[in-house]
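Here are the chains, one letter per residue:
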Amino acid sequence: MNIPLIQFCNVSKAFDGTQVLNNINLSVFKGEITTIIGKSGEGKSVLLKHIIGLLTPDSGSILFNGKSLSEHAKTEQHNLKKKFSYMFQDSALFDSMTVYDNIALPLREASKLNKIEIQQRVEKRMTQLDILGTEQQYPGQLSGGMRKRVALARALVTEPEIILFDEPTTGLDPIRKKAVHKMIADYQRKLGFTGIIVSHEIPEIFTISQRIAVLNEGDIIFQGTPEQLNNDESPVISEFVHGHESS
Amino acid sequence: MSRAIFLTSPLAQLGRAVMTLLQRFGKAALFLLHGITHMFSRPWQWRRVLEQLYFIGAKSIVVICVTGLFTGMVLGLQGYYTLSQFGSTGLLGSAVALTLIRELGPVLTAIMIIGRAGSAMTAEIGIMRISEQIDALKTMTIDPIRFLVSPRIIAALISFPLLTAIFDTVGIFGGYLTGSQLLGINPAIYFYRVENSVLMADVIEGFIKSLFFSITVITVCCYHGYYTHTRRNNFGAKGVGFSTTTAVVQASILVLVIDYILTSVLL
């Protein structure tokens, strides 16, 4: 049996008495793109933040390769965290740094690459995301869509093994949305990273996902392939998927 | 039973308040310790230290000079009229220099830096917190305290004593302007008294104070920005505003309290 790369075991989380995650069980497998869908405010971002350690569960555990983070040695924990990259829903760009510095920061601080290698990597990502020419601009001078692409470039620049995307295409026009989806899929094939995407782009996101998880009222009510999701006849799933399709 | 609860309730509230205060002190001390530890961790953050030296130090020089000049001038005027009652106007140089070097220089420098740079630090770090920029650093395995606080501690430890020295020098010159140029004290006597009365121990006392103040100001201002999201009922921009006000007030009060403690120890 294939051991999941990341596994949520009965994870619960509440904020000020409001239960957001309720005994969640979820498996993410290596080399696959898992997309989490659900209504707004259901706790999808909270779920992602648990994976990267920005939030800790009230109860339950999150396993990485079958072991919880605390069971790994200190250096192992650090090395594990270095494999991750996170693209925030609101981009979370450093507003007092230029676009170039924003993208180069994780390489400058957490890699041993020299200045020229960093420049080459940053320019490559900027070219791919069509943001070349904005190097010396500040995030506040960019449109929402451009900021998204800078955030995406920053998430991809370290060539991480696991990337968490929190609504990577929200606010983008349909052409760029398609381009970003294609780029994520291409990179995933080329680099083999594991992706976890929170998205509302139904059904477009199904084309690049190997697995779908549906979060509803604090619980994962479905986990499976996009085909299994389409064939699921339970009213909640059906309404959810087709409701999105019809809108 | 209810009578017992009524009687113990104020005590319990007091106990809770004391516990909360102690917890905050402990949290701030750990925050400072974390920042100090990473001052010495590699790779060195030269660029960020230089940026902070420019922001805390170089950009404060004008404010410090103006404040120092007028403080010295006021001391010259007040000192002259007080000393003239005892026929000791010749001691004005000593009075101005010792007051500035031992007390007013370090204290007023710290308070001016709190207003100019400390408030900006709290606001900047606070905005980084509410816009998830600090979380973004964590996801990149960049220690936010190392990245944001340690360079500021180094820069403050260098800037505060230097700015205090500038404040003292300009202040002594301000005393000369009012004492000698305006009120007619012989300049030679004024500067002779300055040179004659100020000992190295006085200068060291002033510098020790400024070093303590630098640590206090940076800890309080960065701490309030860093934990701005934990404020109850004050979120977003309003929360950052409250954090900035709290940081300025607390840092100013702490500077005065620490000044009293250090003066009583060092005297």
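Everything numeric in this text was worked out from a predicted model, so none of it was measured.

(A) Expanded view of the sheet that holds strand 1 (residues 6-15) of chain A. Residue and element names in this part refer to chain A. One open sheet accounts for 4 strands, arranged 2-1-4-5; its pairing is antiparallel. Each end of this open sheet is capped by a strand with a single partner; those strands are strand 2 (18-28) and strand 5 (67-68). Judged from the 7 bridges that link them, strand 1 and strand 2 form a sheet pairing that is antiparallel. Within strand 2, the residue paired with F8 across the bridge is L26. Against the sheet, helix 1 (residues 44-52) contacts strand 1, strand 2 and strand 4 (59-64), and its axis sits at roughly 60° relative to strand 2.

(B) Quick peek at the sheet that holds strand 9 (residues 211-216) of chain A. Residue and element names in this part refer to chain A. Overall, mixed pairing links the 6 strands, which are arranged 6-7-8-3-9-10 in an open sheet. Each edge of the sheet is formed by a strand with only one pairing partner; in this case those strands are strand 6 (84-87) and strand 10 (219-224). Across the sheet, the mean angle separating the axes of adjacent strands is 15° when strand polarity is ignored. As defined by bridge partners, strand 7 (residues 162-166) adjoins strand 8 (residues 194-198) across 5 bridges and the pair is classed as parallel. Its bridge partner lying in strand 8, I163 is registered against G195. Helix-sheet contacts for helix 5 (residues 144-156) involve strand 6 and strand 7, and the interaxial angle to strand 6 is about 175°.

(C) Geometry of the interface of chain A and chain B. Each partner contributes to the interface: chain A provides 15 residues, whereas chain B provides 10 residues. Elements supplying a minimum of two residues to the side of chain A that touches chain B: helix 2 (74-82), strand 6 and helix 3 (99-110) of chain A. Considering every element that reaches the side of chain A that touches chain B, the biggest residue donor is helix 3 of chain A, with 4 residues. Residues belonging to the side of chain A that touches chain B are distributed by class as follows: 10 nonpolar, 1 polar and 4 charged.

(D) The nonpolar core, seen in detail. Judged by nonpolar contacts, the single largest core of 113 residues is most densely connected at A153(A), V217(B) and C222(B). A per-element tally of this core places helix 4 (residues 92-130) of chain B first, with 15 residues. Of the residues that make up this core, three or more belong to each of domain 1 (30-53 + 65-83 + 162-247) and domain 2 (93-159) of chain A. When near neighbours in sequence (up to four residues on either side) are disregarded, V217(B) contacts A110(B), I113(B), I114(B), G118(B), A156(B) and A251(B).

(E) Representation of unusual backbone geometry. P203(A) follows I202(A) through a cis peptide bond whose omega is 10°. As for its placement among the helices and strands, P203(A) is situated in the loop between strand 8 and strand 9. Of note, the amide linkage connecting R42(B) to P43(B) takes the cis form, showing an omega dihedral of -5°. For P43(B), the location among the structural elements is in the loop between helix 1 (2-37) and helix 2 (46-57). Non-glycine residue E167(A) carries a positive phi angle of around 50°.

(F) Region of the structure containing the domain arrangement of chain A. All names here are of chain A. Partitioning chain A into domains gives domain 1 (30-53 + 65-83 + 162-247) and domain 2 (93-159). Placing a centre on the C-alpha atoms of domain 1 and another on those of domain 2 gives a separation of 24 Å. On the domain 2 side, the residues contacting the 11 residues of domain 1 number 9 residues. In terms of residue count, the dominant contributor to the side of domain 1 that touches domain 2 is helix 6 (residues 174-191) (5 residues). Looking at side-chain class alone, the side of domain 1 that touches domain 2 contains 7 nonpolar, 1 polar and 3 charged residues.

Rules used in this analysis
Throughout, residues of each chain are indexed from 1 in the direction in which the sequence is written. In the order they appear in the text, chains get letters beginning with A and ligands get numbers beginning with 1. Thresholds applied to this predicted model are a pLDDT of at least 70 for local features of residues and 80 or more for the giving and counting of side-chain atom pairs; totals over whole chains, interfaces and linings are not thresholded and use all residues. Pairing between strands is defined by DSSP: at least two bridges between the two strands are required. Working definition: helices are DSSP H or I runs of at least four residues, strands are E runs of at least two. Numbering for both runs from the N terminus. By the convention adopted here, residues are in contact when the distance between their C-beta atoms, placed from the backbone, does not exceed 7 Å. Interaxial angles span 0 to 180 degrees and are taken between N-to-C directions of axes, which are lines fitted to C-alpha atoms, for helices over the stretch in contact. Put simply, Ala, Val, Leu, Ile, Met, Phe, Trp, Tyr, Cys and Pro go in the nonpolar bin, Asp, Glu, Lys and Arg in the charged bin, and everything else, Gly too, in the polar bin. In plain words, the nonpolar core is the set of buried Ala, Val, Leu, Ile, Met, Phe, Trp, Tyr and Cys residues that C-beta atoms within 7 Å link up. Residues with at least 20 neighbouring C-beta atoms inside 10 Å of their own are called buried, those with 12 or fewer are called exposed, and the rest are partly exposed, where every C-beta is derived from the backbone. Segment limits for the domains were obtained from an automatic or database-derived domain assignment.

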